[in-house]
Amino acid sequence: MRRVALVGAGMTPFKEHFDLGIKDLVPMAVTEMEATVDKGLDRGDIQAAWFGELSTTDGFPTGILADSCGLLDIPVSRVENACATGQDALRNAFYAVSSGYFDVALVVGADKVRETSSRATFWEWMGMTRDMAWDFPLGLVAPANFALHVQRYLHESPATKEHLAMIAVKNHMHALTNPKAQLRHTITVEQAMNAPMVAEPFGLFDCTPQSDGGAAVLIVGEEVVDRYTDKPVWIRGVGLGLDRVMHQHKVDMTMFPATQKAAKASFKMAGLMPKDIDVAEVHDCFTGVELISYEDLGFAERFEGYKLVEAHDTTVGGKIPVNPSGGLKGKGHPPGATGIAQCVELFEQLRGESTNQVEGAKVALAHNIGGPTAVAAVTILGSSKD
Amino acid sequence: MSALAAIGTYLPPWGSEKARLGGLDEDALTMAVEAGLAARSASDVAVTKVVFISRSLPLVIGGNSAVLLAGLGLANDTEVIEQVGGAPAVLDALATAGPGTMVLAADLDEGAGAGAALIGPGPGATVTSRGRVHRSLPVRAQSLDGVLHEDDDPRLVRERGTRASFQGLALDAVPFVVAGLSPRETAAFSGPNPPVLPATGAFSAIFALAAAAESGAEQLIVAVEQATASAAALGAGTTPVVRVEPEPHSPEKRRTHPGPDIKIAFTAYDRAFDSKVAWEAGECPSCGTLALPPRHRCLECGEEGTSVLVALPRTAFVYTQTTIHIPVPGLSTPYSLAVIELDGVGVRSLATVTDSEPDTAGIGSTGRMVLRRVATRSGVPDYGYAFSPDGIVHRPAYVEATISGGTR
Ligand SMILES: [Zn+2]
């Protein structure tokens, strides 16, 4: 299999785009990506596209991508895999290019959460990932879905709600310099601790906002990289992991086996270890999920994730900065776009171009977990091929 | 001969001593099941017929009997009569019932609660009719338009309703207690120091019988509803009474939120029904692993398509839980959800926490699984099991084997 690199990566701002539809956000993201291709992109070079979109808000997804971006003569496939959607679209495109079948492929992720009223959103989005007889009617809303894990985690580990608040503070601070971030204001631990309760233990500041947005990357085969840039970002590893769907079948809810499996696959492909990661974008739809993920990704020993938080190791400037973009928490979380947007941030980090640069970052990791915590994706990127 | 084999009573833990309120997830059916299981815990009489009497039947079209039988752990070929009626109808049903009949009565209005009386071949106290009178004075009336019409004239009701019907009964003694009246009216028409009944609806007749049974003496009981009255004599004999009557609490305020209906998929409803409403798991015949919900492929050994439904334990502890505070359309907030683990079998389930204020049950809390209306979806009640933390509603230790046991 040949090597594959990102040669362009761009995104729309993440926010409540009431004035823009998916037909606007998708071409805007592609144009943003196009502008980052150092030596320029002729769209006629694009041979195939993958579109990650969780919820269809404005009609037929792949047709919209082809139609709205002027790409009517190439195959387009839609990928839907809960919050792992974006990275899974990238993973599928990676295989196609790595196999040698295509040289140049486009990967787009987009979603419009705020297309339906916030009241309707609850049941519409829950209906996509819940057992309709057993879970759905009980009101297992997204925060509760993760809160059940984090409550048990806080019960068994030394971590406290204060550590969750510290993660919220960190990610808000990281988002400050990100022009694409939805929430660009700092908060204090006290504010986070005293915020209105959403679902125990998550207060308002432990939760990602509802966002709209799109993100896009261009990936190319090793032999054609030079045509587009002298500073490619290499895809070193991809991995997807799954777990039992219903909470009652997850033996130990203090961890996410889906993440562990995705990480194992991705690290194996990359031939790297967790200690090799210089910067990471980790799924923080809720602060406690970032904390548990430190352990599943191998950044911390079991039940010792809080130590990274206390030592500010995951803050930019620390040993293993996590979510320099602000994460889902600060940047926003349109699910289909989220995984691609993480790669946009890491593309910039590995080229030394981020607005919140981690000095000397050479190897980076992106992570998503979603659905009823039953699917996770881990992508490892590097500034060098090996 | 027919005799009262057991009586079960149920009052919800909400409201006040004067007027109980049904919980947000309770209805006449779930309360009737609570009372029915209480009665079944004290008798091994096999139930062959169920008479369910209420003026608050959850469904008028659509049927309640399948849920009722599953909740009671009875086979789905058991005869069921769903009857709209009040306290006199309950006394009549009991006086004419044969062995194996369970009479259930439940109400939501005018005091929520339920009663169950199980008729067996003896031993137990006999119930004999002492007459009935059907007269008409519909000062409270509701027709198919659903609107309740009430005429506030208590003296008219007392004289031309209660007293005139009493005269029609031509009783030869003053009754021990009269069901269907306010405590003050009850005292006026009963013998000295009548028991105080918690409500005036259908189930008050069973509370009257329970008090009579507990008195240890032969007693005359009357039940009235506006201008209709029935009398029955409770004979000699011992009938166990199992009361599930927790202390009442005033509920803390919960908010309801407008928004779209919670949609129901009847295919999923149908597939889940037996397991979800009878509280049964799929058991793998090869390795014995239990699966909730039942599934095509065994969780443990991979055997496919052979699982059989078996009854699950009803005691559990909380593995993890959370309380949701944000507004969720169609639900009342805050509400608590838990992943519970059933004692002895290691089977877990996601469940709402009931009978208590939100956040009452922490990790490790113990409790029982009870039938509740877990949601109302597109106007249809959706029944399943909720977790009732210990220490609030004290229920008898049901003989699990009598509840289902794979006989359904
Ligand atoms: Zn098996």
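Residues numbered from 1 in each chain as written. Chains lettered and ligands numbered in written order. Predicted model: local features only at pLDDT ≥ 70, side-chain atom pairs only at ≥ 80, totals over all residues. Heavy atoms only, no water.

Side note on the interface of chain A and chain B
Step number 1: In this assembly, 36 residues from chain A lie in contact with 39 residues from chain B.
Step number 2: A per-residue breakdown of the area chain A buries against chain B is headed by A:W134, A:L138 and A:Q248, which together make up 23% of the total.
Step number 3: For the pair chain A and chain B, the interface holds 0 salt bridges.
Step number 4: Our enumeration of links across chain A and chain B arrives at 18 residue pairs in polar contact (both at pLDDT 80 or more).
Step number 5: Elements represented by at least two residues in the side of chain A that touches chain B include exactly α4 (118-129), α5 (142-156) and β5 (197-199) of chain A. (Contact = heavy atoms within 4.5 Å. Buried area = accessible area lost by both parts, 1.4 Å probe. Salt bridge = Lys/Arg side-chain N within 4 Å of Asp/Glu carboxyl O. Polar contact = N/O pair within 3.5 Å; in protein donor to acceptor, adjacent residues only side chain to side chain. Helix = DSSP H or I, 4+ residues; strand = E, 2+ residues; numbered from the N terminus.)

What to know about the nonpolar core
Step number 1: Judged by nonpolar contacts, the single largest core of 64 residues is most densely connected at A:I277, A:F299, A:L365, A:I380 and B:I324.
Step number 2: When residues in this core are grouped by element, the largest group, 7 residues, is from α5(A).
Step number 3: Contact partners of A:I380, with chain neighbours within four places excluded, come to A:W234, A:I235, A:R236, A:G237, A:S266, A:F267, A:A270, A:L272, A:I277, A:V363, A:A364 and A:L365.
Step number 4: Within the second largest apolar cluster, 62 residues are counted, among which are B:A38, B:A114, B:L312 and B:Y383. (Core = buried A, V, L, I, M, F, W, Y, C linked by side-chain atoms within 4.5 Å. Buried < 20%, exposed > 50% of the residue type's maximum accessible area, 1.4 Å probe, protein only.)

Description of the sheet that holds strand β12 (residues 219-225) of chain B
Residues and elements named next belong to chain B.
Step number 1: Pairing within the open sheet is mixed, and its 4 strands lie in the order β8-β13-β12-β11. Each end of this open sheet is capped by a strand with a single partner; those strands are β8 (127-134) and β11 (177-179). Recorded for the sheet is a direction-independent mean angle of 20° between the axes of neighbouring strands.
Step number 2: Bridge count between β11 and β12: 3 bridges; the pairing is parallel. Its bridge partner being in β12, V178 is matched across the sheet by V222.
Step number 3: On the sheet, helix α3 (residues 87-96) packs against β8, β11, β12 and β13 (228-234) and is oriented at approximately 135° with respect to β12.
Step number 4: Contacts between helix α6 (residues 204-215) and the sheet are confined to β11, β12 and β13, with β12 contributing the most and set at about 170° to the helix. (Pairing = 2+ DSSP bridges. Axes fitted to C-alpha atoms, helices over the stretch in contact; angles between N-to-C directions.)

Describing the pairing of strand β1 (residues 3-10) of chain B
Look at any regular strand and the pattern is simple: side chains alternate between the two faces of the sheet.
Residues and elements named next belong to chain B.
Step number 1: Across the 8 residues that make up β1, a large majority, 8, are buried.
Step number 2: Here β1 pairs with strand β7 (residues 113-120) via 7 bridges, running antiparallel. Within the sheet, the bridge partner assigned to I7 lies in β7 and is A117.

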